[in-house]
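These are the residues of each chain, in order.
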Amino acid sequence: MDTTTSSGSSPATLQVHSIIPENPITAMELPFPSFLRLKRHCLGSSVPGEFFLASCPSIVLHVLTTCDLGPRDLAKLEATCSFFRKPANFSPDFDLSISELAALDICQKRVIFKCMGEEERQEMKRKCGGSWKLVLNFLIAGEFGCRREKSQALAGPGHSIAVTSKGVVYSFGFNGSGQLGLGTTQDSWQPRPIRSLDGIRIVQAAVGTDRTILISDAGEVYAFGKDCFSKPKSEVQETKLITTPQRVKSLTDIFVVQAAIGNYFTAVLSREGRVYTLSWGSDERLGHDTDHSCSLPQPLLGALENIPVVQIAAGFCYLLALAFQPTGMSVYSVGCGLGGKLGHGCDDCETQPRLIEQFGFLNIEPVMVSAGAWHAAVVGRDGRVCTWGWGRHGCLGHGTEELQMAPRVVDGLKDVKVVHVATGTYATFVASDDGQVYSFGSGVAANLGQDDVDEDTLAPKLVLSLKETKERMVHVSLTNGGNWNGHTLVMTESGTLYAFGTGDRGQLGVELGDNLKEREEPAKVAGIDLS
């Protein structure tokens, strides 16, 4: 069955399935008087005529799918109308309701889902709670936490990486170990595309000291820079330099969707929500007693063995995992607890993932995690922000430099609904739902974007220089770890990239004048289309 509409030129065609009921005449009968036919409501009754499209479920399915409704919207439809709860008699599962089928169709639009086999899909459904709406919720949560399938820009220690929505990768900055992937070890202030990746669509990136990791839409992992997944245990330990992206062979059997570099280790997240770590296994620091330089992925065991994870974040020797459960999201931490950065109210180290219980007491459901070198932050579904760990230079935003060993709400943001948070080396940025950016912490090298250059900011403060651009900011990245002064990259909704902070090795993507090492005002990075 086709329905067409004309708009002056060629007609638009909407193709839908034909559903032939057992008794077509009965299905089309309207037992209500004509004067009541305009008063039909979706009240949950199964009486024919209550829902005016009950005889055309294919159209309803098409509308639900093309409108790209969220899992909560689909659940509300089921709760308010029996039509959306009853089996729809559609393949592949004739027992699924319209809302469940819509959730499945929307899932199939996701890159990481469409290439999965049926058994893999069913296993994901089981781990997520037995519903396609929950699977959709799991996928959306991962997209929100790490901008999956969207453009992004990352400020690494001395170098920067930008990934466009089309999967093209640009690099610029310090290149002493080949971490720009351009085939040389020469620095470059001008963003240049990595030509050796032509034909490969990159969807995620991770940056660390002297190395870069990229992930393709096929779940393949590419690495370049220092040929290791951890900081060498001794200065005399030699590492090979890789100047062009090389496929990581040890990860060929894992469909990877995200990576995080945590100084002495690297972590990757599979599309099924399983976390693997590489290196830093001696003394069972991450739950596995392997050699310090081991490059084989080891599954993160313990509490997260059967709980899918949607996002990971790594700081100095510790890892945060945002876990998905039908009852809501939660955060687990593992690794070094120095300074209370694991969030358990103490500075003990953890060799197995441990639930951060404080969010339950605060009545906050985490939706995004960020791990700075020595402190961490979380955004809640209600827009509140929590920080914990070392508070030096005011990086926690609580008005002091005191450490916090458990998550604490940032009161200075109580009138702001936050949708994004980024942490670095003693500095924090947040972006609000109206596109404004706030920063706090160490202002060394102008990396906070504030007027008081090199001054500490102990509480959240609006970055006026970004507001003056009159653009809506959606993503921030700042230098995290390493012996580098920080720089910051801020991306707008329209795809414009701004940079400020230290830029003496070209990491800002703009050419500085003679004898200049940093830039106080945000500068547009030319030559990259992140729209």
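Model, not experiment: these values are computed from the prediction. (Residues numbered from 1 in each chain as written. Predicted model: local features only at pLDDT ≥ 70, side-chain atom pairs only at ≥ 80, totals over all residues. Heavy atoms only, no water.)

A separate point is the overall build of the chain. Looking only at helices and strands, the chain has 9 helices and 30 strands in total. Split into buried and exposed, the 531 residues of the chain put 55% on the buried side. Total accessible area on the chain stands at roughly 23,300 Å², and carbon and sulfur atoms take up 49% of it. (Helix = DSSP H or I, 4+ residues; strand = E, 2+ residues; numbered from the N terminus. Buried < 20%, exposed > 50% of the residue type's maximum accessible area, 1.4 Å probe, protein only. Areas by Shrake-Rupley, 256 points an atom, 1.4 Å probe, with all protein chains shown as cover.)

This part covers unusual backbone geometry. Phi at N89 is positive, roughly 60 degrees, even though this residue is not glycine. Along the chain, N89 falls in the loop between α3 (71-80) and α4 (98-107). Residues other than glycine seldom take positive phi values, yet A445 does so here, at roughly 60 degrees. As for its position among the elements, A445 is in the loop between β25 (437-441) and β26 (457-462). A relative accessible area of 3% places A445 in the buried class.

Direction vectors running N to C along helix α6 (residues 118-128) and helix α7 (residues 132-146) enclose 90 degrees, while the axes themselves pass 8 Å from each other. As the angle between them shows, α6 and α7 are arranged roughly perpendicular. Note on element contacts: α7 touches α6 through W132, L134, V135, F138 and L139, opposite R121, Q122, M124, K125 and C128. Of the residues that constitute the contact of α6 with α7, the class distribution is 7 nonpolar, 1 polar and 2 charged. (Axes fitted to C-alpha atoms, helices over the stretch in contact; angles between N-to-C directions. Parallel < 35°, antiparallel > 145°, perpendicular 65-115°, else oblique. Contact = heavy atoms within 4.5 Å. Nonpolar A, V, L, I, M, F, W, Y, C, P; charged D, E, K, R; others polar.)

This structure, assessed with the given rule, holds 8 aromatic pairs. Seen from their ring centres, F138 and F324 are 5.8 Å apart, and the 70 degrees between their planes marks the pair as edge-to-face. Of this pair, F138 sits in helix α7 while F324 sits in strand β16 (residues 318-325); the two residues are 186 residues apart in sequence, bridging distant segments of the chain. Just as F138 is buried, F324 falls in that class too. With a centroid separation of 6.1 Å and an interplanar angle of 80 degrees, the aromatic rings of Y264 and F316 are classed as edge-to-face. Of this pair, Y264 sits in the loop between β11 (256-261) and β12 (266-270) while F316 sits in the loop between β15 (309-315) and β16, and the two are 52 residues apart along the sequence. A residue is classified by how much of its surface remains accessible, and Y264, at 22% relative accessible area, is partly exposed. Relative accessible area serves as the criterion here: at 26%, F316 is assigned to the partly exposed category. One cation-aromatic arrangement involves R271 over F255; the distance from NZ or CZ to the ring centre is 4.3 Å. In this arrangement the basic side chain of R392 is found over the ring face of W390, its NZ or CZ atom lying 4.5 Å from the centre. (Phe/Tyr/Trp six-rings, centres within 6.5 Å; stacked < 30°, edge-to-face > 60°. Lys NZ or Arg CZ within 6 Å of the ring centre and 35° of its normal.)

Relative to the assigned elements, G424 resides in the loop between β23 (418-423) and β24 (427-432). Note on G424: relative accessible area 0%, which makes it buried. Sequence separation of G424 and S442 is 18 residues, and the distance between their C-alpha atoms is 9.8 Å. Not counting residues within four places of it along the chain, the set of residues in contact with G424 comprises G372, A373, H375, L478, T479 and N480.

Quick look at the pattern of salt bridges now. The final tally for this structure, using the stated rule, is 15 salt bridges. The partner of R381 in a salt bridge is E365, with the nearest N and O atoms 2.9 Å apart. Here R381 is found in the loop between β20 (375-380) and β21 (385-389), whereas its partner E365 is found in the loop between α8 (358-362) and β19 (366-371), with 16 residues between them in sequence. We classify E365 as partly exposed; its relative accessible area is 23%. One salt bridge in this structure joins E493 and R472, with 3.7 Å as the shortest N-O distance. Residue E493 is located in the loop between β28 (487-492) and β29 (497-502), and its partner R472 is located in the loop between α9 (464-467) and β27 (473-478); the two are separated by 21 residues in the primary sequence. Assessed through its relative accessible area of 55%, E493 is described here as exposed. (Salt bridge = Lys/Arg side-chain N within 4 Å of Asp/Glu carboxyl O.)

Take a negative patch on the surface next. A grouping of E401, D451, D454, E455, D456, E468, E520 and E521 is seen on the molecular surface, where their side chains present a negatively charged patch. Inspection of the secondary structure assignment puts E468 in the loop between α9 and β27. (Patch = residues over 30% accessible without salt bridge, like charges linked within 9 Å, V, L, I, M, F, W, Y side chains within 5 Å. Lys, Arg positive; Asp, Glu negative; His and termini not counted. Charge placed at Lys NZ, Arg CZ, Asp CG, Glu CD.)

What follows covers the UniProt feature "repeat: RCC" (unreviewed entry) in the chain. As annotated by UniProt and renumbered to match this structure, "repeat: RCC" (unreviewed entry) occupies residues 167-218, 219-272, 273-325, 329-382, 383-434, 435-494 and 495-531. Regarding residues 495-531, the helix share stands at 0% and the strand share at 35%, and the terminal C-alpha atoms are separated by 4 Å. (UniProt positions renumbered as here; feature names shortened; annotations may be inferred.)

Let us look at the side chain of E100. Tracing the sequence through the fold places E100 in helix α4. Among the polar contacts made by the side chain of E100, one reaches the side chain of S131 at a distance of 2.9 Å. (Polar contact = N/O pair within 3.5 Å; in protein donor to acceptor, adjacent residues only side chain to side chain.)

An order of β27-β28-β29-β30 is seen for the 4 strands of this open sheet, with the pairing classed as antiparallel. For this open sheet the edge positions go to β27 and β30 (518-524), each flanked by a neighbour on one side alone. Pairs of neighbouring strands in the sheet enclose a mean axial angle of 10 degrees, with direction left out of account. Here 4 bridges tie β29 to β30, and the two strands are oriented antiparallel to one another. Counted as the bridge partner of A499 is A523 from β30. (Pairing = 2+ DSSP bridges.)

All right, on to the side chain of Q450 then. The residue Q450 is located in the loop between β25 and β26 in this model. Excluding residues that lie within four positions of it along the chain, Q450 makes contacts with S439, T457, K461, L462 and V463.

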